[in-house]
Amino acid sequence: MAFWSAFFMVWGSGRRGVMRNLKVIKPGSLAIANLFRCYRVFWNYAWTIADNVRFKELRTIPDWEFTGREHFEEMQTREGAILLTAHMGSYDLGAHLFSETSTRRIVMVRAPEADPQTRAFEEHHGAESLRIEFNTRATELALDLLETIREGGIVAIQGDRVTGSISSLPATLFGRQTAVPAGPFALALAARVPIYPVFVVRLGRRRYRLITSRPIEITRSRNRDDDFARAVAQWMTELERVIGSCWFQWFTFEPHWPEQAA
Amino acid sequence: MMLNIVADRPEARWLPSRHRFALARLIGYLRLRQSKPAAHDSEHLILSIDRDQTAAEMNLVALWVFVTTACYIAAALPLTLALAIVLAIPLAAIAIHLPIVIGGPLLRLFIGDGNHIKIISVTTMSLLLIASSYAATTASWARFVAWLFLAILLINGLAAATLWLLRNAVQEAEERCVR
């Protein structure tokens, strides 16, 4: 706790990033209140890292509660689906839970990992039916993912922020302009499968909740931009609802809306 | 690798196997006996079976160890009681971590990498038992804290003996719940 408090004090850019985001999520909030809220974000982040390491090293998992069980079960009966999530709770633990309790193969797409040792560790310490793909080679990866879905597998992607030079779609979150990765939506359209918004929320010590929302179906029309815009709007509604109620779990340490919140 | 889990059985929260200390395991067993199986339409739940899973037990023990250590340090400091307590809080945090930080490299040197939680736990409790045995014999106010510590250890020992006598019944109750 002392170490983490020191880390909170030292990491100024992360602290400022979270506070800027909180200013948008909770309009009219006081800076001092957001500082305490910011600490809570850091606190939860520390615990999710600890839970993740505990799983990878000792194979102990937390207790799981479920919201939207019917959507979760429906996803498992589908012949291929996309699981769209955010930087919340523990992405890794959620994917591991899914792969341990499901017969479906799951491919988890992650941001590129610079350190080769960390990358090797991540690739070899996963659950048996879980495959981790680092988003380094866009075209090849897209074809691989399409193949996985066509074979009945599930592809898990984080869709709340755009990193690097990946293609994006315009979106509105908490009334402000932002962008989301275009990949999951393009993949869903190409593979003709639904997107399931899934969120992992930490409730307490070794206790998590898996929230699965109504699937996003992308219907094909003459105007592809409109098809994407409808799907993105539904995704933003779900994301806003979950971030609004679980802001202390949204691990975005850079300003999400840099221009507006500055 | 299959994980040790039980699904859709809320009463499994009280499984003695989900508790670490004998007293908590005995309470868990008694609660498990009283609990009724949940209805089929109850909320979907996956519970992990792990000795350190129960938050209430772990947090309570952590608080108890921390407060006990802080009391011994406060009693030993040659300051006014209020100032000694204020100083004892960060010092207790450091004192509790010292055996881990010092013992860690030694364990790695002699045993190698691995899960050494049990060795660390036994060492911490043994050091606290030695400190309590000493504090219990002094005339300081900390002797009451030490007596409480020793009394809880004694009660936990009695609970362990009771659990040993009930071992077959406990195993049956656990199997009934998990089945």
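In this text, all values refer to a predicted model and were calculated from it rather than measured experimentally.

1. Considering the overall build of chain B
Phase 1: Helix and strand content of chain B: six helices and two strands.
Phase 2: Walking chain B from its N terminus toward its C terminus, one meets helices and strands in the order β-α-β-α-α-α-α-α.
Phase 3: Since a compact globule built from 179 residues should have a radius of gyration of about 16 Å, the 20 Å found for chain B marks it as more spread out than a globular shape.
Phase 4: Considering only C-alpha atoms, chain B reaches an extent of 60 × 40 × 30 Å along its principal axes.
Phase 5: Per-residue burial for chain B yields a buried fraction of 34% across its 179 residues.
Phase 6: The long-range share in chain B, meaning contacts at least 24 apart out of those at least 6 apart in sequence, stands at 69%.

2. Points about the interface of chain B and chain A
Phase 1: Counting residues at the interface gives 22 residues for chain B, matched by 18 residues for chain A.
Phase 2: For the pair chain B and chain A, the summed buried surface comes to about 1800 Å²; carbon and sulfur atoms form 51% of the total.
Phase 3: Connecting chain B to chain A are four salt bridges.
Phase 4: Arg206 of chain A is paired through a salt bridge with Asp50 of chain B; the nearest N and O atoms lie 3.0 Å apart.

3. Details of unusual backbone geometry
Phase 1: For Arg192 of chain A, which is not glycine, the phi torsion reads 55 degrees and is therefore positive.
Phase 2: Within the element layout of this structure, Arg192 of chain A appears in the loop between helix H8 (183-191) and strand S8 (195-204).
Phase 3: Exposure remark for Arg192 of chain A: the relative accessible area of 64% places this residue in the exposed category.
Phase 4: Its identity as a non-glycine residue notwithstanding, Asp8 of chain B has a phi of 55 degrees, on the positive side.
Phase 5: Examined against the element boundaries, Asp8 of chain B turns out to sit in the loop between strand S1 (5-7) and helix H1 (22-34).

4. Concerning the packing of helix H4 (residues 117-137) of chain B against helix H5 (residues 142-165) of chain B
Residues and elements named next belong to chain B.
Phase 1: Their axes nearest at 8 Å, the elements H4 and H5 cross at an angle of 130 degrees. When the axes of H4 and H5 are compared, the pair comes out oblique. Two packed elements cross with a definite hand, and for H4 against H5 that hand is left-handed. Along the contact surface, H4 presents Met125, Leu128, Leu129, Ser132, Ala135 and Ala136, while H5 presents Ala142, Arg143, Ala146, Trp147, Phe149, Leu150 and Leu153.
Phase 2: Split by residue class, the contact of H4 with H5 holds eleven nonpolar, one polar and one charged.

5. Comments concerning the pattern of salt bridges
Phase 1: Under the definition given, this model contains 16 salt bridges over all chains.
Phase 2: Between Arg54 of chain A and Asp51 of chain A there is a salt bridge, with the nearest N and O atoms lying 2.8 Å from each other. Of this pair, Arg54 of chain A and Asp51 of chain A both sit in helix H3 (residues 31-58), three residues apart, which is roughly one turn of the helix.
Phase 3: Note that Arg18 of chain B is salt-bridged to Asp63 of chain A, the shortest N-O span being 2.9 Å.

6. Quick notes on the environment of Ala12 of chain B
Phase 1: The topology assignment puts Ala12 of chain B in the loop between S1 and H1.
Phase 2: Put simply, Ala12 of chain B and Val178 of chain B are 166 residues apart on the chain and 7.2 Å apart in space, counted from C-alpha to C-alpha.

7. Structural notes on the side chain of Asn52 of chain A
Residue and element names in this part refer to chain A.
Phase 1: Within the secondary structure, Asn52 sits in helix H3.
Phase 2: What makes Asn52 buried here is its relative accessible area of 12%.
Phase 3: When sequence neighbours within four positions are dropped, the list of residues in contact with Asn52 reads Ser90, Asp92 and Leu93.

Cut-offs used in this document
- Residues numbered from 1 in each chain as written.
- Chains lettered and ligands numbered in written order.
- Predicted model: local features only at pLDDT ≥ 70, side-chain atom pairs only at ≥ 80, totals over all residues.
- Heavy atoms only, no water.
- Helix = DSSP H or I, 4+ residues; strand = E, 2+ residues; numbered from the N terminus.
- Rg over C-alpha atoms; globule rule 2.2 N^0.38 Å.
- Buried < 20%, exposed > 50% of the residue type's maximum accessible area, 1.4 Å probe, protein only.
- Contact = heavy atoms within 4.5 Å.
- Buried area = accessible area lost by both parts, 1.4 Å probe.
- Salt bridge = Lys/Arg side-chain N within 4 Å of Asp/Glu carboxyl O.
- Axes fitted to C-alpha atoms, helices over the stretch in contact; angles between N-to-C directions.
- Parallel < 35°, antiparallel > 145°, perpendicular 65-115°, else oblique.
- Left-handed = near helix turned anticlockwise from the far one by under 90°.
- Nonpolar A, V, L, I, M, F, W, Y, C, P; charged D, E, K, R; others polar.

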